[in-house]
2 protein chains.
Amino acid sequence: MIRHIVLFTWTEAATAEQKAAVTAELRKLPGLIPQLRAYTVGADAGINQGNHDYAVVADFDSVDDYLVYRDHPDHQKVIAEHIKPIVATRAAVQLEL
Amino acid sequence: MIRHIVLFTWTEAATAEQKAAVTAELRKLPGLIPQLRAYTVGADAGINQGNHDYAVVADFDSVDDYLVYRDHPDHQKVIAEHIKPIVATRAAVQLEL
């Protein structure tokens, strides 16, 4: 299994509406990209100081399935239209499990 | 459910032995902290450029269970003895699912 993990911080100018749109649009992807075996996305819960603002954890059966997701036009559209306009920093890891 | 996610980059001076010890020590924690429902840890798979070096994803039934893990002496010992000596940057999010 491959687990793909991304954490974002948003710009100070990012609006609540823009942030909510990221979640709404990402949550459409499991219906569009069948290679996604599990998909958890959302804003930081606010328990600790100094955290990033947002997380994506996506599980796949194989590296090839992850690459289908990474490069899928529907995924790339969410990145271009909803994430890139408000992202300040991005941290990512892919874990082989 | 609470999903706790941490990504690290290691210092350039970090040795392969030090990095391997982080995984070995973290993997002891599920046997010591029963609040851990699922625990995936490990080094980045090397698929993409620019990634962080290491990921921890820990699942808990509740925020209280996460806090037991966060503050548990066995966890704090791994952080102090094995992670802090080699960490360059850290990014974290807790997701409520």
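Residues numbered from 1 in each chain as written. Chains lettered and ligands numbered in written order. Predicted model: local features only at pLDDT ≥ 70, side-chain atom pairs only at ≥ 80, totals over all residues. Heavy atoms only, no water.

**Q** Sorry, what's going on with the pattern of salt bridges here?
**A** Pairs can form between side chains of opposite charge whenever their charged atoms are close. Residues and elements named next belong to chain B. The tally for this structure, following the rule as stated, stands at 8 salt bridges over all chains. One salt bridge connects glutamate 25 with lysine 28, and the closest N-O pair in it is separated by 3.0 Å. Judged by its relative accessible area of 46%, lysine 28 is partly exposed. Its salt-bridge partner being arginine 37, residue aspartate 61 comes within 2.7 Å of it at the nearest N-O pair. In this pair, aspartate 61 is assigned in the loop between strand S3 (54-60) and helix H3 (63-71) and arginine 37 in the loop between helix H2 (29-32) and strand S2 (38-43), connecting sequence segments 24 residues apart. (Salt bridge = Lys/Arg side-chain N within 4 Å of Asp/Glu carboxyl O. Buried < 20%, exposed > 50% of the residue type's maximum accessible area, 1.4 Å probe, protein only. Helix = DSSP H or I, 4+ residues; strand = E, 2+ residues; numbered from the N terminus.)

**Q** So what exactly am I meant to see when it comes to the interface of chain A and chain B here?
**A** When the parts come together, some accessible area is lost, and that loss is often what is quoted as the size of the interface. With 29 residues of chain A at the interface, the matching set in chain B holds 29 residues. Between chain A and chain B, a total of about 2,300 Å² is buried, with carbon and sulfur atoms accounting for 62% of that surface. At the surface where chain A touches chain B, the tally comes to 0 salt bridges. Put simply, chain A and chain B have 16 residue pairs in polar contact (both at pLDDT 80 or more) between them. At the level of elements, strand S1 (2-10), strand S2 (38-43), strand S3 (54-60), helix H2 (63-71) and strand S4 (87-96) of chain A are the ones that each hand at least two residues to the side of chain A that touches chain B. Sort the elements by how many residues they give to the side of chain A that touches chain B and S4 of chain A lands first, with 6 residues. (Contact = heavy atoms within 4.5 Å. Buried area = accessible area lost by both parts, 1.4 Å probe. Polar contact = N/O pair within 3.5 Å; in protein donor to acceptor, adjacent residues only side chain to side chain.)

**Q** Sorry if this is basic, but what is going on with the relation of the copies chain A and chain B here?
**A** Put simply, the second copy of the chain is the first one after a rotation about an axis and a shift along it. At an RMSD of 0.0 Å, chain A and chain B line up after a rotation of 180 degrees and a shift of 0.0 Å along the axis. Look at the turn and shift together and you get a two-fold axis relating the two. No C-alpha of chain A approaches the rotation axis more nearly than that of alanine 91 of chain A, which lies at 3.6 Å. Take the interface residues of chain A: 100% of them recur as interface residues in chain B, which is what a same-surface contact looks like. (Least-squares fit on C-alpha atoms with pLDDT ≥ 70 in both.)

**Q** Can you walk me through helix H4 (residues 73-83) of chain B in this structure?
**A** Since the α-helix turns once every 3.6 residues, residues separated by three or four places project in the same direction. Residues and elements named next belong to chain B. Taken together, the buried positions of H4 are occupied by His75, Val78, Ile79 and Ile83. Buried residues of H4, seen end-on, are gathered within an arc of 100 degrees and therefore sit on one face of the element. Taken together, the buried residues of H4 touch strand S1 (2-10), helix H1 (16-26), H2, H3 and strand S4 (87-96). (Arc of directions from axis to C-beta.)

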